[in-house]
Amino acid sequence: MKYDRILIRYGEISTKGRNRKLFVDKLRRSIIKAIADFPQAKVDGQRDRMYVLLNGENGHAIVERLKGIFGIQSFSPAVKVAKEIDSVKEAALSLFQKVYHEGNTFKITAKRADKDYHLDTGEINYTLGSHLLQNVPNLKVDVKKPDINLSVEVRKEAVYLSCETIPGAGGLPVGSSGKAMLMLSGGIDSPVAGYLAMKRGVAVEAVHFYSPPFTSERSKQKVIDLAEKLAGMVGSIVLHIVPFTEVQQLVHKQVPENYTMTTTRRMMLRITDAIREKNEGLAIVTGESLGQVASQTLESMYAINDVTNTPILRPLITMDKSDIIEIAQEIDTHDISIRPFEDCCTVFVPASPKTKPKRDKVRHFESYVDFEPYIQKAVEGVETLIIDAYQSKKANELTDLF
Ligand code: ATP
Ligand code: MG
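Please read all numbers here as calculations on a predicted model, not as lab measurements. Every residue gets a number counted from 1 within its own chain, in the order that chain's sequence is written. Each chain gets a letter, beginning with A, and each ligand a number, beginning with 1, in the order they are written. Reporting of local features is limited, given that this is a predicted model, to residues whose pLDDT is at least 70; pairs of side-chain atoms are given and counted only at 80 or more, and all residues count toward the totals for whole chains, interfaces and linings. Based on all heavy atoms of the structure, the side-chain values leave hydrogens and waters out of the count.

Asks: Whenever I open this one, the site of ligand 1 confuses me. Can you help?
Replies: Not every one of the 22 residues close to ligand 1 is listed here, only the nearest: Met183, Ser185, Asp189, Ser190 and Gln296. Definition of a polar contact: a pair of N or O atoms within 3.5 Å, with one able to donate and the other able to accept a hydrogen when the atoms are protein atoms, and with sequence-neighbouring residues admitted only if both atoms are side-chain atoms. Taking Ser190, its main chain carries an N or O atom lying 2.7 Å from an oxygen atom of ligand 1. One nitrogen or oxygen atom from the side chain of Gln296 is found 2.7 Å from an oxygen atom belonging to ligand 1. Considering ligand 1 on its own, with 570 Å² of exposed area, one finds that the protein chains cover 89% of that surface. Looking at which element gives the most residues to the shell around ligand 1, the answer is strand S11 (residues 203-210), with three residues. Partitioned by chemical class, the residues of the shell around ligand 1 number nine nonpolar, nine polar and four charged. Nearness is judged by heavy atoms alone; a residue qualifies as near a molecule or strand once a single heavy atom is within 4 Å of it. Under the convention used here, a 1.4 Å probe and the Shrake-Rupley method define accessible areas, while residue burial counts only the protein chains that appear. Runs of H or I in DSSP of at least four residues are treated as helices and runs of E of at least two as strands, each being numbered from the N terminus. Classification used: nonpolar for Ala, Val, Leu, Ile, Met, Phe, Trp, Tyr, Cys and Pro, charged for Asp, Glu, Lys and Arg, polar for all others including Gly.

The following block contains the structure:
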């Protein structure tokens, strides 16, 4: 007896009332995309549950893919068997023997969606439990904390058996919360912000500003590598790379030095907002965290945010650096982020940026020149990459059960 399917549970989205259909559709689409390179595998979506039917594909590799999909609460490899109690007994024993280790305790958890079945849940538990106890020497029952919980689900069409529950990534399916632009630098924070937004169902497109020749090809590559990590969480990601040199040089020519940082940020935000509009996004995500650096005081945010009323999501705003670093390590972006390559902002960073810039002052400094044509030009010069992740992932080794 081998698993032939994976049962997917989606906790949170089942409580979302009338949005439910949308959430389930998005989740199904995420799963189909994640396993597209397993052509025989099929996603079988019913109203209250979803299965991946393996049809001979590598179950272990598919499990690895499912672990990363936002919106899945947990999942269980399972097998479908005929409803005759003798086949259920035989299948249960065979499955059990594959996961059983000497000394393990167990319990049977039967559920009955088919109320016409000739045995009730108590009878099913008893029948299967006795069958295992007769056939596995020294086996003991533990109903409170069993090592192995063999779940038996009787439905109209068949009985399903499973004995492992694997935690999913949680959150909400990608795209179920709309689309946003992620301002992705080469630093530690913005990839973490992107991850948190995506986990909450936001479909993210990344925007990166670079200033050749002041920033090198290698620093661009760093951002592509970070985007690839983010793509790995959702299948693929769009990365817009903005040529920013000209705008930055103009800012430095026009604006007093202690205000260049504020204006530079305002220009980045205006350009990002234009890219957002073009791509029909609804918000902008940044890696800002309160108080970290000069640009991240409330005064500074107030002065920078002035250029748009598009919602700006700052998932890290109240987090401590050490907590951000911990997440960066978990999602495997940290080591890329700490590679020592220059960022367009660090290259042009003024000796003493204003930590409390005044909105009216910065507006005034900017009023001497029309930045709009430069902004348009930067938007037109955007290079857009589509970074695909699943292509390059390799399947892991097989377990016995698949
Ligand atoms: P990070 O670690 O994400 O670089 P940071 O702590 O270095 O953040 P800042 O340099 O002030 O902070 O940047 C604040 C936010 O502005 C970043 O998190 C990012 O969202 C955005 N940002 C900064 N530089 C760039 C860039 N070159 N391209 C795109 N977005 C950027
Ligand atoms: Mg930075």
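Asks: In this structure, what is going on with the packing of helix H5 (residues 189-199) against helix H6 (residues 217-234)? I would like to understand it.
Replies: The description of two helices packed together rests on the angle between their axes and the distance between the axes. Axis definition: a line fitted to C-alpha atoms, limited for helices to the stretch in contact. Angles are taken between N-to-C directions and run from 0 to 180 degrees. Packing of H5 against H6 leaves a shortest axis separation of 10 Å and a crossing angle of 15°. The orientation of H5 relative to H6 falls into the category roughly parallel. For the pair H5 and H6, the sense of crossing is right-handed. Taken together, the residues of H6 that come into contact with H5 (itself represented by Pro191, Tyr195 and Met198) are Leu226, Leu230, Met233 and Val234. Of the residues that constitute the contact of H5 with H6, the class distribution is seven nonpolar, no polar and no charged. Any angle that falls under 35 degrees is termed roughly parallel, while one over 145 is termed roughly antiparallel, one within 65 to 115 roughly perpendicular, and all others oblique. When the near helix sits turned anticlockwise from the far one by under a right angle, the crossing is termed left-handed; a clockwise turn instead gives a right-handed crossing. By definition, residues are in contact when any of their heavy atoms lie within 4.5 Å.

Asks: Even after reading the chapter, I still don't get the domain arrangement of the protein chain, so can you show me in this structure?
Replies: A common way to state how big an interface is: give the accessible area lost once the parts meet. Each assigned domain of the protein chain is listed here: domain 1 (5-167) and domain 2 (179-388). All domain edges in this entry derive from an automatic or database-based domain assignment. Put simply, the middle of domain 1 and the middle of domain 2, counted by C-alpha atoms, are 44 Å apart. If you look at the interface, domain 1 gives four residues, while domain 2 gives eight residues. The quantity reported as buried area is the accessible area (1.4 Å probe) lost by two parts once they are put together, taken as the sum for both. Summed over both partners, the interface of domain 1 with domain 2 comes to about 460 Å²; 53% of that surface belongs to carbon and sulfur atoms. Salt bridge, as used here: a side-chain nitrogen of Lys or Arg that lies within 4 Å of a carboxyl oxygen of Asp or Glu. The tally of links from domain 1 across to domain 2 stands at zero salt bridges. Summed over the shared surface of domain 1 and domain 2, the result is one residue pair in polar contact (both at pLDDT 80 or more). Here the residues of the side of domain 1 that touches domain 2 are counted per class, giving one nonpolar, one polar and two charged.

Asks: Looking at this model, I keep getting lost on the packing of aromatic side chains. Mind explaining?
Replies: To describe a pair of aromatic rings, one takes the distance between the centres and the angle between the planes. Each pair of aromatic rings taken from Phe, Tyr and Trp, with Trp reduced to its six-membered ring, is defined by centres within 6.5 Å and is described as stacked if the planes are under 30 degrees apart, edge-to-face if over 60, and tilted in the remaining cases. Applying the stated rule across the entire model yields six aromatic pairs. Ring geometry for Phe70 and Tyr195: centres 6.1 Å apart, planes at 55°, overall tilted. Residue Phe70 is located in the loop between helix H2 (59-67) and strand S4 (74-81), and its partner Tyr195 is located in helix H5; the two are separated by 125 residues in the primary sequence. Note on accessibility: Phe70 and Tyr195 belong to one class, buried. An angle of 25° between the planes, with centres 5.6 Å apart, marks the rings of Phe96 and Tyr100 as stacked. Here Phe96 and Tyr100 have matching classes, each one buried. Over the aromatic face of Tyr51 sits the side chain of Arg5, whose NZ or CZ is 5.4 Å from the ring centroid. Type-normalised accessible area, obtained with a 1.4 Å probe on protein chains alone, sets the label of each residue: buried when under 20%, exposed when over 50%, and partly exposed for intermediate values. Put simply, a charge is over a ring when the Lys NZ or the Arg CZ is close to the ring centre, within 6 Å, and near the line of the ring normal, within 35 degrees.

Asks: Is there a simple way to think about the nonpolar core in this case?
Replies: Among soluble globular proteins, nonpolar side chains are generally buried collectively. Here the nonpolar core consists of buried residues drawn from Ala, Val, Leu, Ile, Met, Phe, Trp, Tyr and Cys, with membership extended through side-chain atoms lying within 4.5 Å. Within the largest apolar cluster, 33 residues are counted, with the highest numbers of intra-cluster contacts made by Leu230, Met233 and Leu239. Residue assignment for this core shows that the elements contributing at least two residues are strand S10 (179-183), H5, S11, H6, strand S12 (236-243), strand S13 (283-285) and helix H10 (321-330). A per-element tally of this core places H6 first, with seven residues. Ignoring any residue separated from it by four or fewer positions in sequence, one finds Met233 in contact with Gly68, Phe70, Tyr195, Met198 and Ile331.

Asks: Hey, could you run me through helix H14 (residues 372-380) in this one?
Replies: Since there are 3.6 residues in each turn of an α-helix, residues three or four apart along the chain are aligned in direction. Every buried residue belonging to H14 is among Ile375, Ala378 and Val379, and all of these are buried. Take H14 and look down its axis: the buried residues cluster within an arc of 100°, on one side only. Residues of H14 that are buried sit in contact with S12 and helix H8 (257-278). Each C-beta atom gives one direction from the helix axis, and the arc is the one those directions make.

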